[in-house]
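Structural description and commentary
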Amino acid sequence: MSELATAVFAAHTEAHLVDAPRSTRFATFRKTFDEPGYVRDLHARGYRWIARGDHAFPHRLAAIHDPPPGLFVRGDADLALLERVSVAVVGARACSAYGASVARTLGRELAAAGVVVVSGLARGVDAQSHRGALETGTTVAVLGCGIDRDYPRSHAALAAEIARGGLIVSEYPPGVEPAPWRFPARNRIVGGLTLATVVVEARERSGALITADLALDEGREVLAVPGEITSQLSRGSNHLLRLGAVPVTCANDVLRVLGVEPAPPAPPRVLEPRLERVHALVADAPKTADEVALGIGERVAGIAAALVELELLGLVEQADGLYRAAPNVGSRS
Amino acid sequence: MLARTVTHALVGIEPRRIEVEAHIERGLKAFTIVGLPDKACQEAKERVRSGISSAELGWPAAGRITINLAPAQLRKEGSGFDLPIALALLAASAQLPRDALDGHAAFGELALDGRLRPVPGALVAAEGARRAGLRRLLCAAESGPEVALAGVEPVGVAHLAEAVSYLRGERGPPDLPPPSDDFETLADVPDLADVRGQERARRALEIAAAGRHNLLMAGPPGTGKTMLARRLPGILPLLADEPSLEVTRIHSVAGLLAPGSGLVRVPPFRAPHHAASVAGLIGGGHVGIRPGEVSLAHHGVLFLDELPEFQRPALEGLRQPLEDGFVQVARVTGRVTFPARFQLVAAMNLCPCGARGHGAAECSCTPERVQRYREKLSRALLDRFDLLLAVPRPRAVELAGAPAEPSTPVRERVLAARRRLREQPLERTRAADELLTRAVDRLPLSGRGRARVGRVAETIAALAAAASVEPEHVAEALSFRPPSELVE
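What counts as what
- Residues numbered from 1 in each chain as written.
- Chains lettered and ligands numbered in written order.
- Predicted model: local features only at pLDDT ≥ 70, side-chain atom pairs only at ≥ 80, totals over all residues.
- Pairing = 2+ DSSP bridges.
- Helix = DSSP H or I, 4+ residues; strand = E, 2+ residues; numbered from the N terminus.
- Contact = placed C-beta atoms within 7 Å.
- Axes fitted to C-alpha atoms, helices over the stretch in contact; angles between N-to-C directions.
- Parallel < 35°, antiparallel > 145°, perpendicular 65-115°, else oblique.
- Left-handed = near helix turned anticlockwise from the far one by under 90°.
- Nonpolar A, V, L, I, M, F, W, Y, C, P; charged D, E, K, R; others polar.
- Domains from an automatic or database assignment.
- Buried ≥ 20, exposed ≤ 12 C-beta atoms within 10 Å, placed from the backbone.
- Right-handed = clockwise from strand over helix to strand, strands pointing away.
- pLDDT = per-residue confidence, 0-100.
- Core = buried A, V, L, I, M, F, W, Y, C linked by C-beta atoms within 7 Å.

With that settled, consider the sheet that holds strand S8 (residues 221-224) of chain A. The strands making up a sheet are joined through hydrogen bonds of the backbone, oriented either antiparallel or parallel. Residue and element names in this part refer to chain A. Across the sheet, which stays open at both edges, the nine strands sit in the order S1-S2-S6-S5-S4-S3-S7-S8-S9 with mixed pairing between neighbours. Each edge of the open sheet is held by one strand with a lone partner, namely strand S1 (47-51) and strand S9 (246-247). Both strand S2 (residues 70-74) and strand S6 (residues 167-170) contribute to a ladder of three bridges, which runs antiparallel. Residue pairing in the sheet places Phe72 in a bridge with Ser170 of S6. Packed on one face of the sheet, helix H5 (residues 97-112) meets strand S3 (86-90), strand S4 (116-119), strand S5 (139-142) and strand S7 (196-199) and runs near 170° to S3.

Encoded structure:
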């Protein structure tokens, strides 16, 4: 039962440790380490600790070649959540509006089908997939710092929301500050916890690719969302496709790989003809309100109103003045 | 011998009566000005001495000259005291008839050859004269029209000698050219017809004009944000008498009025550079408290290009005037209030490198950099903007399109909408209310955002001459909400 001591010692010495080291320094540390007291404090703060040897430790994560000594857990959900069918949705922090929209939709539709969406709480794709999943189900965030750190700061509210129905986990004890070298280590947990990893948008050297590599090493599935071949932001994800990753064109592509029954397709929505025409124009290619107005041959005032109605129906999304059709991928298949 | 003239000093944009007393007594030759004169005022000595001799008038031969500016505790700034000092001195040395200065105020700077130069603030000095019950104001000929606006008869003179001959009764007050009606006519304001494409941005501008909404435009460089903003005054109503006088007064103090100009009728447009200091933007300064850009934009448009590049304290300083319509500048020497009821139009890029939303260029900013850029604008400030508009790059088709609608018809619609909004508030229909509630649930929209959308929807309904606020008006208003990235 030295896992907790190992995890805390690793944090103290800023080392990456999987097993208890055979050093006199660790031996000394262990002698003075008050394990029951530490666990009491942890519980008092509402956190949990699962050691690698524990029965509750997620089996998939235990199966990777360098599993963490254990996991610190924040959140209300049962630990069995970590055993459920899960998928990692990861990608660039500086994602495009397209990437953000796809990540959100995938998160939403995968969670709706009962799949647990796992990601890293980072900006961009990570946050969007969490947000999407929160709309319809549960999600798990894996941090590269202490579970009490809420990094990045601007995602504190998102973290709190995740913790309400889902879990936030980390191999680092509370109080550990984020450091660049901890993130690749975090990514192995994201990949290790899940059955498959979906890369939404990734540059040539992206942390998401590390997750994908690790997932591949552990024999998990890797999927990627195709992107524009001219965009730097799709270099990494398109590269994965060339190597044989499963292309994702809709949430059902992911569900099929996981062997999960897709949710029954939503009944086709009947739009009034004018909204239908506006939607068709936007679905063709992203457009500004002015371009849509030009295409329909109407004043922009009414077109802006129509676009808002479509937005409220969840059929159109807007970013930086460009309207695009929401990737309503589940119902297409 | 003792003589006295009256003039008015500026405290902010308020006149304060100053008595200029000149005393000549026998003694060693000396010339002193007392009563807290600043440097420019202290230097009046040299200008007055030279001016009097150039006007072939007599400098008091032997004596000790003391000029007192009362009340003594008020700091006297600027060169407007030259003329009253010279006239008091001439009266004290019996070169002017005893009662000649009764009922007169004086205001102006002297050149070394005795000519009179206009000084900023003549309008305010004239208002002071009127309140003090003085009928006439001696001033530089160029200041005449400004003085006339205050309802005081200007005695505009080109030279000190002319002033003296008038006061001696050798001639009547000189004729003045009639003031041109408007300082700047609408013809000088750029026209909306120059803006090709950008129908949506033009629409936002029209709504902003009709409802006096503050407008924030976000988009890559070169999409015409500045061009659009400059055209806003052209679709606003001309200023009525009272606001016009207020604006003219501020511009007079700031020295922005062209010589011979009348009232400022076109809403002013001010576009300070983003390097502007807090004092420059809000008002203040060490020597003499001067109105800032927010006050120069009173009853007009304050345009802040590159909004996030402004200093944070300057931006936060905008909140008080946006809320109250005035600014209070406090200094050790006193507190000054300037009116500052302006419409705020701001422009920004979507990211520091400017490539976001460009379409053809790829943004190289890290998420942290974009975040920092946007965090410079506090929530409190963003909340002041009713209309937020993403201005994407127009495509070639739009630019090649038909010439756009000119300002005049837009202005007429704005005027009509404002009339309707004044007459009676428009209520939301039930369906419109339901749409708004649905939107608050579904879109990133705060409670304050809801109120904002309601206001804009009312303006849109007024522009459409509708009897009540319908769902389509609310829907269009919703399209001007902050882009989600700005609120996240």
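Don't stop here, the text continues.
Bringing the packing of helix H13 (residues 289-296) of chain A against helix H14 (residues 300-312) of chain A into the picture now. The description of two helices packed together rests on the angle between their axes and the distance between the axes. Residues and elements named next belong to chain A. Where H13 meets H14, the closest approach of the two axes is 9 Å, and the angle between their N-to-C directions is 110°. Considering the angle they form, H13 stands roughly perpendicular to H14. Viewed along their axes, H13 and H14 form a crossing whose handedness is right-handed. Taken together, the residues of H14 that come into contact with H13 (itself represented by Ala289, Asp290, Val292, Ala293 and Ile296) are Val300, Ile303, Ala304 and Leu307. Classifying every residue of the contact of H13 with H14 by side-chain character gives eight nonpolar, no polar and one charged.

Here the focus is the domain arrangement of chain B. Residue and element names in this part refer to chain B. Each assigned domain of chain B is listed with its residue range as follows: domain 1 (2-167) and domain 2 (186-404). Inter-centroid distance (C-alpha atoms) of domain 1 to domain 2 is 40 Å. The residue makeup of the side of domain 1 that touches domain 2, split by class, is 10 nonpolar, two polar and five charged.

Interfaces are frequently sized by the accessible area removed from exposure as the parts join. Listed by partner, the interface residues are 29 residues for chain B and 26 residues for chain A. Contributions of two or more residues to the side of chain B that touches chain A are made by helix H7 (199-211), helix H14 (367-375), helix H16 (396-399), helix H18 (430-442) and helix H20 (471-478) of chain B. Among the elements that take part in the side of chain B that touches chain A, H20 of chain B stands out by supplying four residues, more than any other. Classifying every residue of the side of chain B that touches chain A gives 11 nonpolar, seven polar and 11 charged.

Let us look at the pairing of S5 of chain A. Regular strands have side chains that alternate between both faces of the sheet. All names here are of chain A. Residues Thr139 and Ala141 of S5 are buried on one face, and the alternating residues Val140 and Val142, pointing to the opposite face, are buried as well. With three bridges connecting them, S4 and S5 associate as parallel partners. Opposite Val117, over in S5, you have Thr139 as the bridge partner. Between S4 and its parallel partner S5, the chain crosses via helix H6 (residues 125-136), and the hand of that crossover is right-handed.

What follows is about the sheet that holds strand S11 (residues 269-270) of chain B. Residue and element names in this part refer to chain B. The strand order across the open sheet built from five strands is S11-S14-S17-S10-S18, with neighbouring strands paired in parallel fashion. Since the sheet does not close on itself, it has two edges, and those belong to S11 and strand S18 (387-390), each with one partner. Taken together, the four bridges between strand S14 (residues 301-304) and strand S17 (residues 343-348) define a ladder with parallel strand orientation. Across the sheet, Leu302 pairs through a bridge with Leu344, a residue of S17.

Moving on, we get to the confidence of the model for chain B. Residues and elements named next belong to chain B. Averaged over every residue, the pLDDT of chain B is 86; the share at 70 or more is 93%. Averaged over each element, pLDDT in chain B is lowest for helix H21 (residues 484-487) (47) and highest for S14 (95). Overall fold confidence for the complex sits at a pTM of 0.77, while the interface term, ipTM, reaches 0.78.

On to the nonpolar core. The biggest cluster of nonpolar side chains holds 161 residues, and the ones touching the most others in it are Leu307 of chain A together with Leu137 of chain B. Other than its neighbours up to four places away in sequence, Leu307 of chain A contacts Val278, Ala289, Val292, Val316 and Tyr323 of chain A together with Ser479 of chain B.

So, on to the packing of helix H19 (residues 447-463) of chain B against H20 of chain B. Residues and elements named next belong to chain B. In the contact formed by H19 and H20, the axes pass within 8 Å of each other and the chain directions differ by 125°. The angle between H19 and H20 places the two elements in the oblique class. Crossing angle aside, the handedness with which H19 passes H20 is right-handed. Contact residues: H19 offers Val453, Val456, Ala457, Ile460 and Ala461, while H20 offers His473, Val474, Glu476, Ala477 and Leu478.

What follows is about unusual backbone geometry. Residue Tyr151 of chain A is joined to Pro152 of chain A through a cis peptide bond whose omega torsion reads -5°. Turning to its location among the elements, Pro152 of chain A is positioned in the loop between S5 and helix H7 (156-165). A cis geometry characterises the amide bond from Ala70 of chain B onward to Pro71 of chain B, with omega recorded as 0°. Positive phi values are uncommon outside glycine, yet His299 of chain B reaches one of about 60°. Assignment of secondary structure puts His299 of chain B in the loop between helix H11 (293-296) and S14.

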